[in-house]
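Each chain, letter by letter, is given below.
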Amino acid sequence: LISPGPRNETILQICSHYNFPLPFCQVQSLTFVLDQMSDSFLFQERPEITAEGTLTFTLAAYASGESNITFYAIDDGFQKENPTCPGRNLSSRKSFLIQASPTNHQPSFALTCAYIDCFNKSLNQEGCVCRNQQANKPSNLFNTNSSEIIIRQNSGQLIIPDFAMKISTVEGFDPSALLSFRLERTGVVSYIDQKKDPIMSGQGLEYAVDAVLSNDRRYLYASAFEADSVLIYDYTGKSPKLIDLRAMGEQRVHFAGLDSTPPFGKTIDSGAVCGWHVFSSKNQTFALSASGCESIENTLHIVKPGCDDFEFVSCKSLNESTVGWWDFTSASVFGTHRINLFQRKISVLCNGDQCVLERSRNRESCRELFKSVVDPAAINDASSIIGSAILLGPECKTGSQSDWDQDTTSGSPSLSILTFLTNDGAGTEALQFDGVLNDGLFITDSVSFSTADQEALGDRLPFNQLAVEVWFTINAAQFQVAGLVAVQQEGDQCDFGWSLMYEMNPSVEMGPHETVIHFKIALERTDLSSERRMKTASFNITPGLFVGSWHHLIAMYDGASLSIFWDSKEVYRQNACIADYCGDILYAPRHNEGNHCMETPFTIGTYRNVREGLNYPHIGAIKSVRIFKNVLLLAEILELYSLYARVLKVPLLMDEFWAKRFQPGLLASSPDRDFSLGSLQNNISIKGRFNIQAKYRCVFSSKHHQIHSEIGTLRCEDSRYSCTDLYKDTLVCESPFWNYGYARTVMGVQRLGIEWNPLWQKTCLTSECGFMSKTERPSVKPFPWWTEETGNFDASLEGTITFYRFLTESRLFLFNRSAAQLDLVTSLPSDFKCKNDCFFDYLVQKRRLSVLGAKSFSSFVLNDISNRHYIVVANYWDGFA
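Residues numbered from 1 in each chain as written. Predicted model: local features only at pLDDT ≥ 70, side-chain atom pairs only at ≥ 80, totals over all residues. Heavy atoms only, no water.

Quick look at the nonpolar core now. Ranked by internal contacts, the top residues of the largest apolar core, which has 86 residues, are Trp326, Trp498, Phe602 and Ile604. Sort the elements by how many residues they give to this core and strand E28 (residues 466-474) lands first, with five residues. Excluding anything up to four places from it in sequence, Trp498 contacts Leu466, Val468, Val485, Ala486, Val487, Gln488, Lys520, Ile521, Ile585, Tyr587, Phe602 and Ile627. Formed by 18 residues, the second largest nonpolar core is a distinct cluster that contains Trp658, Ile707, Trp738 and Val749. (Core = buried A, V, L, I, M, F, W, Y, C linked by side-chain atoms within 4.5 Å. Buried < 20%, exposed > 50% of the residue type's maximum accessible area, 1.4 Å probe, protein only. Helix = DSSP H or I, 4+ residues; strand = E, 2+ residues; numbered from the N terminus. Contact = heavy atoms within 4.5 Å.)

Our focus in this paragraph is the sheet that holds strand E40 (residues 657-658). Overall, antiparallel pairing links the four strands, which are arranged E40-E43-E47-E46 in an open sheet. In this open sheet, the two edge strands, each paired with only one partner strand, are E40 and strand E46 (713-715). When E46 meets strand E47 (residues 727-734), the two strands line up antiparallel, connected through three bridges. Each residue of the ladder has a partner; that of Thr713, found in E47, is Val732. (Pairing = 2+ DSSP bridges.)

For Phe181, the position within the fold is in strand E11 (residues 177-183). Phe181 gets classed as partly exposed once you look at its relative accessible area, which sits at 38%. Residues Phe181 and Gln194, 13 residues apart in the sequence, show an inter-C-alpha distance of 9.2 Å.

Another aspect to go through is helix H3 (residues 634-645). Spanning 12 residues, H3 covers 16 Å between terminal C-alpha atoms, matching the ideal 16 Å at 1.5 Å per step. Those residues of H3 that sit buried are Glu636, Ile637, Glu639, Leu640, Leu643 and Tyr644. With its buried residues spanning 165° around the axis, H3 presents them on a single face. Lining the buried residues of H3 we find helix H2 (315-321), strand E19 (322-327), E28, strand E33 (551-557), strand E34 (561-566) and strand E39 (620-628). (Expected span 1.5 Å × (residues − 1). Arc of directions from axis to C-beta.)

This part covers the state of the cysteines. In the structure shown here, the tally under the stated rule is six disulfides. Residue pairing for Cys350: its cysteine sulfur links by disulfide to Cys355, the two sulfurs lying 1.9 Å apart. Disulfide Cys350 to Cys355: torsion about the S-S bond roughly 100°, handedness right-handed. Residue classification places Cys350 among the partly exposed residues on the basis of a relative accessible area of 34%. Since its relative accessible area comes to 1%, Cys355 is described here as buried. A disulfide bridge connects Cys577 with Cys582, and the sulfur atoms are separated by 2.1 Å. On the S-S bond that ties Cys577 to Cys582, the torsion sits near -95°, and the link is left-handed. Cys577 gets classed as buried once you look at its relative accessible area, which sits at 4%. (Disulfide = S-S within 2.5 Å.)

This is how it looks when you write it as C-alpha cells:
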C-alpha cells in the first residue's frame with residue numbers, strides 16, 4: 001500500500017490559496033530512504049526499495065549474520081520547499097530483519113607432486129626429488145589427486161616438506177598465499193614455490209588481494225575486492241595496525257572528535273546520566289536527566305560462566321568428559337535440577353527454579369516437634385548427567401542437631417543450603433561442612449542400575465576410566481577420617497565403588513603433623529597377593545594441612561594405574577594391578593553376586609558406610625567437586641588448577657568472619673542497610689567476629705569498578721556471648737562516594753595483613769568463631785545475637801553474596817536562553833529518608849515506594865492534563881514506581 005498522499009494535495013485550488021507555484025502541485029512522486037542498518041558489513045550493495053516497492057540488496061562475499069533495516073518514505077510535496085505549509089511529507093518508520101544463514105564451504109588441499117623419488121635417500125642422506133614432468137607449467141600446479149613415493153627399505157624417517165599445500169577451510173579460497181614463478185629468457189614460466197605472505201596473513205586482511213607500502217614505509221594500503229573496501233594500516237610497529245577502512249563508495253559518517261569548548265556557557269554537574277528528556281512548559285525549556293538505568297545482568301541471579309568466559313583452551317574438551325560437576329555457588333541453587341531416586345521417605349519438589357525437601361515428623365526413633373523442611377535444598381549438577389546434590393538434614397532433629405527442628409508453617413525460614421554457603425566478598429563461593437548441622441550432601445542414598453522400564457543413576461557413572469577433582473579446606477586440627485566424595489561400600493565380601501578421603505594425625509605440640517590422602521577404588525583385576533578388589537592409593541603430607549588453607553586434589557584411574565595430583569603436581573603413581581589392564585570399576589549392586597552389600601549412597605562432604613553403620617563427615621569447606629569419565633592430560637590439570645588458584649589463595653579463617661542476616665523490624669540485620677545514595681555517606685553496621693588488633697574496611701565491586709571505605713571501627717554489642725578481650729562483634733564502615741551511576745555492587749570486607757585480603761563471609765558453625773550448639777546455649781534471654789528470639793539458630797543467616805545498591809539523583813535543569821546555559825532547578829524529589837529497615841528488597845516487597853521512588857529514575861513521560869503538567873517517572877530496577 002504505497003501512496004504519496006491523497007489526491008486533494010494536488011488540486012489547483014490549494015496551490016492558488018497558498019500562492020504556490022504550479023510545479024509544486026503536480027502529481028507527487030515518492031522515494032524510500034534507508035534510515036538505519038545495524039550491520040553494514042553484511043552487504044556489498046546496501047538495501048534499496050524502489051517506488052514500486054521492490055527491495056534489492058547484495059550480500060558481501062562469505063558474510064553471514066543479521067541486520068535490522070529501517071526505511072521511511074518521503075514524497076516531493078510542497079512542504080519541503082515551504083515549511084509553513086501544514087501537513088507532513090514523511091511516513092512512519094518501518095523495520096524488518098535480514099538474516100543470512102552461514103554455509104559451511106567444503107575444505108580443500110592439494111598434493112604438490114604426482115611422483116616423488118626418494119630412492120637415493122639413505123640413513124645419512126636427506127632429500128627427495130619431485131619427478132613431475134609438467135610441474136613447471138602453471139596450469140598443472142596442484143592438479144594431482146594422488147602421489148607416488150619411491151623409497152629404499154630401511155631408509156629411516158622420511159620428511160617431505162610441502163607435501164600437502166594449498167590447505168584451506170574453503171575450496172578455492174587460499175588466504176595469504178604467495179606463489180613464486182621464474183620467467184626464463186625463452187619466455188617459459190616455471191613454478192618455484194608457495195609461501196605464506198607475511199603481509200596478507202595479518203589480522204583483518206583475510207579478503208585482501210593486493211597491498212602496497214607508502215613511500216615512507218609508514219602506511220600499508222590493501223585492497224579487498226570481495227568486501228569492496230580499501231584498508232589502511234599503520235606499518236611502523238611490529239605488526240600492522242588497522243587505522244581506517246574505506247568502503248561503500250565513501251558513503252559513511254566520520255567521527256571528527258569532541259570540541260574542547262562545551263556547547264553551553266559552562267559545564268554542568270548532571271549526575272550519573274544515562275539519558276535525557278527535554279520538554280517545554282509555559283514557554284520554558286527543561287531538561288531532565290535519567291540516572292537509574294541498570295544493565296540486565298544485574299537483575300538476574302549470578303550466572304555460572306561458560307567456556308567463553310575462560311581463557312584456557314581445554315574448557316570444551318573437559319566439559320565433554322565431565323559427568324558430574326557441583327560448583328557450590330548461589331547460582332547453582334537455581335535452574336534446572338536432575339533429582340535421583342531415594343529410598344528414604346523424603347519428598348524433593350523442584351518448581352523450575354529451586355528445590356525444596358520435606359520429610360514427615362519423626363515420631364518413632366526421636367522426639368521431633370515439627371516436620372523437616374529444607375528450602376532450598378539442592379545444588380545442581382552443571383553437567384546434568386549424574387544429578388543434583390541434596391542437603392537431607394538429620395534423620396533425627398534432636399540434641400546438637402535440634403536447630404533443624406523449627407516451625408516453618410508461619411513462613412519463618414528454615415535452615416537450608418544457603419545457610420552453609422560462604423563467600424569472599426569478591427564473587428567466589430564455597431560450601432561449609434561442620435559434621436553436625438551439615439554432615440554431607442547426597443546425590444542418592446542408594447545407587448541403582450537401570451531395568452527394562454526404568455533408567456537409573458548407576459548407568460551414568462564412569463566404568464573404564466575415572467578422574468575426580470576437589471577444591472577444599474580442612475577446618476579441624478583434631479584426629480579425623482573424613483570423606484570428600486564417595487560412592488563406595490567397604491567391608492567383608494563387600495568392596496565396591498570408589499572414594500576420595502583424608503586422614504588427619506595431629507601432633508599436640510606441633511599442630512597438624514600429618515595428613516594422608518586416600519583414593520580407594522574397586523577393580524575387576526586383583527593382585528596375586530590379595531583377593532580384595534579394593535585398591536588404595538595414599539599420599540602423605542608432612543607437615544599436615546593447616547586449617548583453612550585451600551588445596552586442589554585430583555585422583556585418577558586410567559585402566560592400569562592410579563595417580564594423585566596435589567596442587568597441580570603429580571605426587572603418586574602406581575600400577576593398580578599386575579596386568580596391563582585392570583578392568584572396569586565395580587559398583588554394587590551390579591557386581592554384588594552374593595548380595596553381601598547393603599545400599600550404596602553417593603555422597604559429597606562425607607563417606608557413609610551403611611554396612612558398618614559408620615559416617616565420616618568432612619569438617620571444612622568445598623568449592624567444587626567434578627567427576628570425569630576419562631583421565632586428564634597434564635595441560636588440563638594445570639588449567640583446572642589455574643581456574644581457582646588465584647582467587648582461593650586467601651585462607652578461610654576459623655575465628656574471624658562477617659555475617660549476612662536479613663531480619664528487618666525484628667532483630668539486628670547485618671549489614672543494617674543494603675542501599676544508599678551514591679552522593680552521600682552512610683554508616684553501615686556489620687555483625688561478625690573481628691580481632692581488635694586487626695584493621696578492616698568495606699569494599700564494593702561492580703563489573704567495571706571497585707571502591708572501598710576508610711578503615712572501619714570496631715565495637716561490642718553482645719558483651720555476654722560474642723565479645724572477648726581479643727574480639728568484638730560489630731564492624732562499622734562508612735559507605736564511600738559512588739560516582740559511577742546506579743549500580744548493584746557486591747559487598748565485601750577486607751582485612752589488612754601484609755596486604756588487604758578478603759575476609760570470608762559465612763555463618764559461624766564452630767566454637768572457634770563463637771558458635772554454641774543448642775545444648776550449650778542459655779535457656780532464657782538474653783540469647784546470642786546469631787539466634788532468634790526463641791534461642792534457636794537464626795535461619796536467616798546466609799553465606800550468599802551480599803549486594804549493596806548505590807542510588808542516584810535525577811536532576812531537573814532549565815535552559816537559560818540569555819546565558820545559553822542549563823541551570824539546575826532541583827533534584828527529583830528530595831524526600832530520601834531511611835532511618836530503619838534500609839533494605840532494598842524488603843522495601844520493594846512492602847511497597848514503601850515513597851523512599852525508593854524518589855531516586856534513580858530511568859525514564860520519564862510528560863503529560864498535559866487540564867492545563868497542568870505532570871511528569872510520570874519509572875524505575876527500571878523496582879518496577880513499581
